[in-house]
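These are the residues of each chain, in order.
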Amino acid sequence: MSDLGFIHHFEPGKSERTFLLLHGNGGNEHDLLDLGRSIDPDAALLSPRGKVLENGAPRFFRRLAEGVFDERDVVRRAEELAGFVDAACTAYEIDPKRLIAVGYSNGANIAAAMMLLGVATFHRAILLRPMVPLSKLEQQPDLSGKQALLSAGKFDPIAPVPIVEALSELMRQYGAAVVTQVRDSGHELTMADVMAAREWLGTS
Ligand code: MLT
């Protein structure tokens, strides 16, 4: 099979659930496999590698500096990734209704951008240490029926709590059902993130 436009890893599962795993800055398609398995060992895993290289480090869209995003590229890359997700759903017979995005940091940001741009086919998203990826939107998205769990780190200097709360407000404003939680952590993930994701999905 071709790479469908993105280097990626796909692992079939035993449940109907598929996680779309979106790694952080400098990561790759293998980074979040263990996280996905810890949240639901029976889920299928679809994990693309970001196509933008920053000094050789993969990510999902271009940035101008830490926390300063090239928003035209965010839009273009979100649409491109949505095209990959559609192609992968067809190729691997994934039901988009059962697809759940699990993104960390840069991966959470591209998932949030897909939702805000109205190109996300997934209805549920676990966004770990996310930021607001777009400062303005051409069109107001209809996020009714979408659900998101947002997880911030109390001491996170990259995705500070007020920024995670701003994303949460924005998504809520467009109709999404959003749960926001703050961990006793920095930008790194902790076991509490896994436990909360399991609880939110009802897999615990
Ligand atoms: C981003 O570039 O998306 C954010 O700064 C988070 C990160 O460093 O990955």
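See the structure printed just above.
Residues numbered from 1 in each chain as written. Predicted model: local features only at pLDDT ≥ 70, side-chain atom pairs only at ≥ 80, totals over all residues. Heavy atoms only, no water.

Chemist: Can you break down the sheet that holds strand β9 (residues 124-128) residue by residue, with the values?
Modeler: Here seven strands make up an open sheet; going across it, the order is β1-β3-β2-β8-β9-β10-β11 and the pairing mixed. Looking at which strands have only one partner, the edges of the open sheet turn out to be β1 (8-11) and β11 (177-183). Within this sheet the neighbouring strands show an average axis-to-axis angle of 15°, counted without direction. The sheet contact formed by strand β8 (residues 99-104) and β9 spans five bridges and is parallel. Residue pairing across strands places V102 opposite I126, the latter belonging to β9. Helix α3 (residues 106-116) contacts β2 (18-22), β8 and β9 of the sheet and is inclined by roughly 135° relative to β8. Those strands touched by helix α5 (residues 191-201) are β2, β8, β9, β10 (147-153) and β11, and its axis lies near 165° from that of β9. (Pairing = 2+ DSSP bridges. Helix = DSSP H or I, 4+ residues; strand = E, 2+ residues; numbered from the N terminus. Axes fitted to C-alpha atoms, helices over the stretch in contact; angles between N-to-C directions. Contact = heavy atoms within 4.5 Å.)

Chemist: I'd like a rundown of the site of the ligand, residues and numbers included.
Modeler: Around the ligand, the neighbouring residues are N25, R59, F61, R63, E66, G67, F69, S105, N106, N109, M131 and I158. Take S105: an N or O atom from its side chain is 2.9 Å from an oxygen atom of the ligand. At 2.8 Å, a side-chain N or O of N109 approaches an oxygen atom of the ligand. Relative to its unbound accessible surface of 260 Å², the ligand loses 96% to contact with the protein. Judged by its atoms lying within 2 Å of the grid points, the ligand is housed in the second largest pocket. Residues that form the shell around the ligand fall into these classes: four nonpolar, five polar and three charged. (Near = heavy atom within 4 Å. Polar contact = N/O pair within 3.5 Å; in protein donor to acceptor, adjacent residues only side chain to side chain. Areas by Shrake-Rupley, 256 points an atom, 1.4 Å probe, with all protein chains shown as cover. 1 Å grid on protein atoms, 1.4 Å probe; cavity = no way out; pocket = protein on both sides within 12 Å on 5 of 7 lines; lining within 4 Å. Sits in = over half its atoms within 2 Å of the grid points. Nonpolar A, V, L, I, M, F, W, Y, C, P; charged D, E, K, R; others polar.)

Chemist: Account for the pairing of β10, naming residues and giving values.
Modeler: Most of β10 is tucked away: six of the seven residues are buried. With five bridges connecting them, β9 and β10 associate as parallel partners. Within β10, the position partnered with L127 by the bridge is L150. Sheet topology places β10 next to β11; seven bridges connect them, and they run parallel. By the bridge assignment, S151 is partnered in β11 with Q181. Regarding the hand of the β-α-β motif, the stretch spanning β10, helix α4 (residues 161-173) and β11 is right-handed. (Buried < 20%, exposed > 50% of the residue type's maximum accessible area, 1.4 Å probe, protein only. Right-handed = clockwise from strand over helix to strand, strands pointing away.)

Chemist: Can you tell me about the pattern of salt bridges, naming the residues and giving the values?
Modeler: A complete count under the given rule lists 18 salt bridges for this structure. Residue R77 pairs with E80 through a salt bridge whose shortest N-O separation is 3.0 Å. Here E80 and R77 lie together in helix α2 (residues 71-91), a separation of three residues that amounts to about one turn. For the salt bridge of K154 with D184, the shortest nitrogen-to-oxygen distance reads 3.2 Å. Of this pair, K154 sits in the loop between β10 and α4 while D184 sits in the loop between β11 and α5; the two residues are 30 residues apart in sequence, bridging distant segments of the chain. Taking the relative accessible area as the measure of exposure, K154 reaches 49% and is therefore partly exposed. Linked through salt bridges whose partners overlap, the residues forming this network are K51, D73, R76, R77 and E80. (Salt bridge = Lys/Arg side-chain N within 4 Å of Asp/Glu carboxyl O.)

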